[in-house]
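# Descriptive structure summary
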Amino acid sequence: MSETAVSKVTETVGTESGDAHITWHEAKRPRLVLALGHGAGGGVEARDLQALARVLPAHGVTVALVEQPWRVAGRKVAPAPKTLDTGWRGVWPALAGTGLPVISGGRSAGARVACRTAAGLGACAVLALSFPLHPPGRPERSRAAELLGAGVPTLVVQGGNDPFGKPGEFPEGDFELVEVDRGDHGFAVPKRAEITQEGALEVITAGVVTWVASLA
């Protein structure tokens, strides 16, 4: 899969929830922006977010990794969903300021934020990485309504062993789904799995590249 060196710039954006950071991984001739938020248990250093930031710019997609205000402020625990949505809305003008169509995306809690806010912000699509369909062991507490209510073309990339929702647990709906075989919530795969960790990341990036091309 082709990868080329890209420019990387981090900017600070003020929101009602505090300062957020956007790290831009810029394509030379961008046609889309892919904005990616992180989960409640980690930041933009997550393996899937970093893999997409490395690969997508070579395919004409500028990747913007967004660090929510609570992480910038050094807090250990994510705030309520409403506050996460406020932070995401606060960075949106900077994301849309390129004049390019913006895909709203994220992993785990960030995927929920992207789904909840996409239609209102004018996102052209949603990328949901490790969408937390339900808390582990609590399938009755489904969050499917957030996913199904995104209102724009949506791709879910889900680990085959994700305790927050395996691919087979997802309801039928107007979205596409790519499965990462044996992957957990962080897309880590067992050492003895047929797929390697590098291979798992390639499944993610290849799936997203194909999907993004279909949007055009």
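Preceding block: the structure.
The rules we used
Residues numbered from 1 in each chain as written. Predicted model: local features only at pLDDT ≥ 70, side-chain atom pairs only at ≥ 80, totals over all residues. Heavy atoms only, no water. Helix = DSSP H or I, 4+ residues; strand = E, 2+ residues; numbered from the N terminus. Rg over C-alpha atoms; globule rule 2.2 N^0.38 Å. Buried < 20%, exposed > 50% of the residue type's maximum accessible area, 1.4 Å probe, protein only. Contact = heavy atoms within 4.5 Å. Areas by Shrake-Rupley, 256 points an atom, 1.4 Å probe, with all protein chains shown as cover. Lys, Arg positive; Asp, Glu negative; His and termini not counted. Charge placed at Lys NZ, Arg CZ, Asp CG, Glu CD. Salt bridge = Lys/Arg side-chain N within 4 Å of Asp/Glu carboxyl O. Expected span 1.5 Å × (residues − 1). Disulfide = S-S within 2.5 Å. Axes fitted to C-alpha atoms, helices over the stretch in contact; angles between N-to-C directions. Parallel < 35°, antiparallel > 145°, perpendicular 65-115°, else oblique. Left-handed = near helix turned anticlockwise from the far one by under 90°. Nonpolar A, V, L, I, M, F, W, Y, C, P; charged D, E, K, R; others polar.

## Quick word on the overall build of the chain
- Regarding its fold elements, the chain presents 6 helices and 8 strands.
- Counting from the amino terminus, helix and strand elements in the chain follow one another as β-β-β-α-β-α-α-β-α-β-α-β-β-α.
- Compactness check: the chain gives a C-alpha radius of gyration of 16 Å against a globular reference of 17 Å for 216 residues, within 12% of the reference.
- Each of the three principal axes of the chain carries a C-alpha extent, and together these read 40 × 40 × 35 Å.
- Across the 216 residues in the chain, those meeting the buried criterion constitute 51%.
- Long-range contacts, defined as pairs at least 24 residues apart, comprise 62% of the intrachain contacts of the chain with a sequence gap of at least 6.
- When the accessible surface of the chain is summed, it comes to about 9,700 Å², and 50% of that surface belongs to carbon and sulfur atoms.
- Computing the positive centroid from 21 side-chain charges and the negative centroid from 22, the chain places the two 5 Å apart.

## A look at unusual backbone geometry
- Residues other than glycine seldom take positive phi values, yet Ser 108 does so here, at roughly 55°.
- Since its relative accessible area comes to 12%, Ser 108 is described here as buried.

## A short note on the pattern of salt bridges
- Inspection of every chain in the model, using the stated rule, returns 6 salt bridges.
- Across the pair Arg 116 and Asp 85 runs a salt bridge whose closest N-O atoms are separated by 2.9 Å. With Arg 116 in helix H4 (residues 109–121) and Asp 85 in helix H3 (residues 81–96), this residue pair connects regions lying 31 residues apart in the sequence.
- Residues Arg 112 and Glu 146 are paired through a salt bridge, measuring 2.7 Å at the closest nitrogen-oxygen approach. Within this pair, whereas Arg 112 is found in helix H4, its partner Glu 146 is found in helix H5 (residues 144–148), the two being separated by 34 residues in sequence. Comparing Arg 112 with Glu 146, the two get one shared label, buried.

## A word on helix H6 (residues 197–215)
- Helix length check: H6 (19 residues) gives 28 Å between terminal C-alpha atoms against 27 Å at 1.5 Å per residue, within 8%.
- Among all positions of H6, only Gly 199, Ala 200, Leu 201, Ile 204, Thr 205, Gly 207, Val 208, Val 209, Trp 211 and Val 212 are buried.

## So, the state of the cysteines
- Tallied over the entire structure, the rule returns 0 disulfides.
- Looking at the unpaired Cys 115, the closest cysteine sulfur is the one in Cys 124, lying at 14 Å.
- Among the residues examined, Cys 115 registers a relative accessible area of 2% and is labelled buried.

## Structural notes on the packing of helix H1 (residues 47–55) against H6
- As a packed pair, H1 and H6 sit with axes 10 Å apart at the nearest point and diverge in direction by 55°. Here H1 is positioned oblique relative to H6, judged by the angle of their axes. The element H1 and its partner H6 pack so that their crossing is right-handed. For the pair H1 and H6, the contacting residues are Arg 47, Asp 48, Ala 51, Leu 52, Arg 54 and Val 55 in the first and Gln 197, Leu 201, Ile 204, Thr 205, Val 208 and Val 209 in the second.
- Taken together, the residues of the contact of H1 with H6 sort by class into 7 nonpolar, 2 polar and 3 charged.

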